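# Understanding the architecture of this molecule
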Amino acid sequence: MSATAAQRFLQDAAVKSADLVHREIIQRGMDSYDAAHLKGRARIKDWEAARQKCQAIKREAINHLDRYLLQFEEKVISRGGHVFWAANGEEACTYVKNLATRLGVHTIVKSKSMVTEEIHLSPALEKVGIKVWETDFGEYIVQLRDEPPYHIVTPAMHLNRAQIAKLFREKVDPEIDSDDPAYLMAAARRKLRQAFFSAEMGISGANFLVADAGVIAISTNEGNGRLCTSIPRIHVVVTGIEKVIPRLEDLAVLWPVLATSGTGQGITTYSTLIGGPRRPGEVDGPEEFHVVLVDNGRSQLLADAEQREVLHCIRCGACLNICPVFRHIGGHTYGTTYPGPIGSVLTPHLGGIKEFKHLSYASSLCGACSSVCPVKIDLHHHLLQNRRNATEAGATKSSERLMFRAWRHAMLHPWIYALGGWSMRKTLRMIYGLGLAGSILDPMRVWNLHRSPVPLPSESFRARWRKGLGAN
Amino acid sequence: MAQTENPSRDRILERIRTGLRTAVAVPAMRPESEIFAPISHPLERFQQECVANLMECALTADCAASAQQLSKVLEPLPGGGIFLQDDRSLRRLVELAAPERAIRWSTQGPPAEASQATVTLAEALIAQTGSILVTASCGGRGASVIAPCHIVYATVAQLVPDLATALSHMSQQRSLEHNSFACVISGSSRTADIEKILVQGAHGPRRLVVILQTSTY
């Protein structure tokens, strides 16, 4: 029988948190992010006001999602673009696949898009013989390793330069003889330039869909997103329906806040707006422009009064970076498209509460994620709500339900509770005395397997209370 | 052009509308306050931000000085052609600079892949973020990203204090109705995907040079 997602998660988490090389790479990466992020926040006069503004913009958009999507669609179509509404990943992949086949596409260049990861677009295209090049440097690296992105903003942050140089020697050019990041980037640039200029189709995501202007907004630093949307003759945008925002002017705060939270920059190097195919008289640009709006479970979240705001997420990655769990177990351990706190909240909605409820417990509920979220999503409370939802949906094990029933009973009957405490102290003292801590006989096995046992008190809390603990 | 068939469109819209019928409590908001500090000296701020963005900004007095600056930037570049937005002011600038290179104007087509530099105008300069705003009218989409060096010829009069002003001008002037593309560019192309170490010149230009003229003649 294959392992469940929860079992895989626990196994991978144990391995990753003990991997010292991984720990060092992540520590260095996060230290550098922390410094840049703090510096970036200092550039904004009132960070809390900025967060509140972004929250208000996204709330306005999501609470009138139908209206803003239709406004966006109308504008794009009026400029000769196409808008396709996909209820799920399969519909989105089929649309792009059919489009590529119909238009004789052999090569596709792709810029970073988490939605395409979510719907597994690249494998679907490769299955019909189309070559797909990931062109973001980090995405290119993980594509060469045949693994998913480790992080939603920095996909290859789990690798150091030596590991990447070795990979490039094996997969890109055997002559690679340096692990200098600039040298490795130059090698990738040379390789991907050929792809940019030979591809017939470019696929991008979108950070925002601007309703009043009818344009998509893409933030990139490398310029690959620019090339993907400038050179090939077809441009396809694959994005989630929740990315819409009401007004062009909203970007005056969203762009700086996204960049600050994502990388600590004041603004991303290329903040691009695209509203359609090349217009008559323009020098260049694609002849065809398609926007694929992906639902894939998002519209159901709207009906969740507590968690609708999860759709406000702008995918900056700040909650991943600050999360003490992410920092220890890393991105791949989650086994989901979206890792970290936002992924733990969102994935049960997209992939099912039964299979992914364990993610809600991969949190100490410390609230660091909520404190940094630039659109003020109350992430750690949503994790708590997911735990409750899983229990109410009957997704818990019968042994767990039985234990909690017993616990409830004991809490309502003080003498049973006292008896339980007394017998537990006796039993544990005996087991620890025999050196069996962490063994199969130890009721505290899960805790004691990886830790030294907590010293047992000589008497109960009640006894100590009677002796005057309360008076002190 | 044929309309895209959309079998799921109405179903998705219906699901959205059904979902939105669920009432959601709106949390208390504190009064709005100023998010960004006001910019009192746009030119100074622009120059500071250019330094932070690793851009080059050369202040020139007039067209002749700008032409001299252009020659200075072009001279050390490796041999090869350059691409220019076909505009009267740039034709005049090139006449004065007289570079000994093959020139391709935007009216002759997009920049060649091997172009050593592209020279364009900008729609506006943004002081707050040290950015240039370009649209498809500034020589096309590839003009600001294909060559290793992008040179922007602008005047101080084009400077706006912040992003909010630049975006609201775009809305008022309906720029995005007349252009299929616009971009706020804040520095040269870069990546930090390996160990968060900054590398300049990823897929786009390694250098972004702004020749900023104080006069309009």
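Note that the structure is predicted; figures quoted are calculated from it, not measured.

Here we take up the overall build of chain A. The number of helices and strands found in chain A is 24 helices and 10 strands. On the principal axes, the C-alpha backbone points of chain A span a range of 90 × 55 × 50 Å. Of all 472 residues assigned to chain A, the portion counted as buried reaches 49%. Intrachain contacts of chain A at a sequence separation of at least 6 include 72% that bridge at least 24 residues.

As a further point, take the domain arrangement of chain A. Domain annotation for chain A reports domain 1 (1–42 + 311–396), domain 2 (44–296) and domain 3 (403–469). A straight line from the C-alpha centre of domain 1 of chain A to that of domain 3 of chain A covers 31 Å.

What follows concerns the pairing of strand β9 (residues 270–274) of chain A. A large share of β9 of chain A lies buried, amounting to five of its five residues. Across the two faces of β9 of chain A the burial is the same, with Tyr270, Thr272 and Ile274 of chain A and Ser271 and Leu273 of chain A all buried. Bridge count between strand β6 (residues 215–220) of chain A and β9 of chain A: five bridges; the pairing is antiparallel. Within the sheet, the bridge partner assigned to Ile216 of chain A lies in β9 of chain A and is Ile274 of chain A. Judged from the five bridges that link them, β9 of chain A and strand β9 (residues 181–185) of chain B form a sheet pairing that is antiparallel.

So, on to the confidence of the model for chain B. Low-pLDDT portions of the prediction should not be read for the details of their coordinates. Residues with a pLDDT of 70 or more make up 99% of chain B, whose mean pLDDT is 95. Reported confidences for the modelled complex are a pTM of 0.94 and an ipTM of 0.97.

The next point concerns the interface of chain A and chain B. Listed by partner, the interface residues are 78 residues for chain A and 63 residues for chain B. Broken down by element, the side of chain A that touches chain B gets its largest block of residues, seven residues, from helix α10 (residues 181–198) of chain A. Its residues assigned to classes, the side of chain A that touches chain B shows 37 nonpolar, 23 polar and 18 charged.

Residue and element names in this part refer to chain A. With phi around 55°, Leu365 is a residue other than glycine that occupies positive phi space. If you check the backbone angles, Lys376 has positive phi at about 55° while not being a glycine. Position of Lys376 relative to the elements: it lies in the loop between α19 (368–372) and α20 (379–392).

This part is about the nonpolar core. All names here are of chain A. Ranked by internal contacts, the top residues of the largest apolar core, which has 174 residues, are Ile108 and Val292. No other element matches helix α12 (residues 251–262), which puts eight residues into this core. Two domains each donate at least three residues to this core, and these are domain 1 (1–42 + 311–396) and domain 2 (44–296). Ignoring any residue separated from it by four or fewer positions in sequence, one finds Val292 in contact with Phe84, Ala86, Ala92, Tyr95, Val96, Val236, Val237 and Val238.

Another aspect to go through is helix α8 (residues 137–144) of chain A. Each α-helix turn comprises 3.6 residues. Residues three or four places apart therefore point the same way. Among the eight residues of α8 of chain A, seven are classified as buried, and the element is accordingly described as predominantly covered. Residues of α8 of chain A that are buried include every one of Phe137, Gly138, Glu139, Tyr140, Ile141, Val142 and Gln143 of chain A, and no others. Looking at the buried side of α8 of chain A, the elements it contacts are β3 (131–134), α9 (161–171) and α10 of chain A together with β10 (190–191) of chain B. Just beyond α8 of chain A, the residue with positive phi is Asp146 of chain A, at close to 60°.

Here we take up α9 of chain A. All names here are of chain A. Those residues of α9 that fall on the buried side of the exposure criterion are Ile164, Ala165 and Phe168. The buried residues of α9 occupy an angular sector of 100° when projected down its axis, which confines them to one face. Opposite its buried face, α9 presents the exposed residues Ala162 and Glu170, each directed more than 90 degrees away. In this fold, the buried residues of α9 make contact with α8 and α10.

Let us now look at the sheet that holds strand β1 (residues 82–86) of chain A. Residue and element names in this part refer to chain A. Reading across from one edge, β1-β10-β7-β4-β2-β3 is the order of the six strands in this open sheet, with parallel pairing throughout. If you trace the sheet from one side to the other, it starts and ends with β1 and β3, each paired once. Shown here is a sheet whose adjacent strand axes are inclined to one another by a mean of 20°, direction ignored. When strand β2 (residues 107–110) meets strand β4 (residues 201–204), the two strands line up parallel, connected through three bridges. Bridge pairing in β4 links Ile108 to Met201. The sheet strands contacting helix α5 (residues 89–102) are β1, β2, β4, β7 (234–240) and β10 (288–294), and the helix crosses β10 at an angle near 165°.

Moving on: the sheet that holds strand β5 (residues 124–126) of chain B. Read from one edge of the open sheet, eight strands run β8(A)-β5(A)-β6(A)-β9(A)-β9(B)-β6(B)-β5(B)-β8(B), paired in mixed fashion. A strand with exactly one partner marks an edge of an open sheet, and here the two such strands are β8 (244–245) of chain A together with β8 (159–160) of chain B. Direction of pairing for strand β6 (residues 131–135) of chain B relative to β9 of chain B: antiparallel, over a ladder of four bridges. Counted as the bridge partner of Ile132 of chain B is Ile185 of chain B from β9 of chain B. Sitting on the sheet, helix α5 (residues 163–172) of chain B is in contact with β5, β6, β8 and β9 of chain B, with an inclination near 155° to β5 of chain B.

All names here are of chain B. By the criterion of burial, strand β12 (residues 207–213) is predominantly enclosed, with six of the seven residues buried. Sheet topology note: the strand β1 (residues 56–60)/β12 ladder contains five bridges and is parallel. In the strand pairing of β12, Leu59 is matched with Leu212. Inspection of the sheet shows strand β7 (residues 149–155) paired to β12 by seven bridges, in the parallel sense. What sits directly across from Cys149, in β12, is Arg207.

Procedures and definitions
Residues numbered from 1 in each chain as written. Chains lettered and ligands numbered in written order. Predicted model: local features only at pLDDT ≥ 70, side-chain atom pairs only at ≥ 80, totals over all residues. Helix = DSSP H or I, 4+ residues; strand = E, 2+ residues; numbered from the N terminus. Buried ≥ 20, exposed ≤ 12 C-beta atoms within 10 Å, placed from the backbone. Contact = placed C-beta atoms within 7 Å. Domains from an automatic or database assignment. Pairing = 2+ DSSP bridges. pLDDT = per-residue confidence, 0-100. Nonpolar A, V, L, I, M, F, W, Y, C, P; charged D, E, K, R; others polar. Core = buried A, V, L, I, M, F, W, Y, C linked by C-beta atoms within 7 Å. Arc of directions from axis to C-beta. Axes fitted to C-alpha atoms, helices over the stretch in contact; angles between N-to-C directions.

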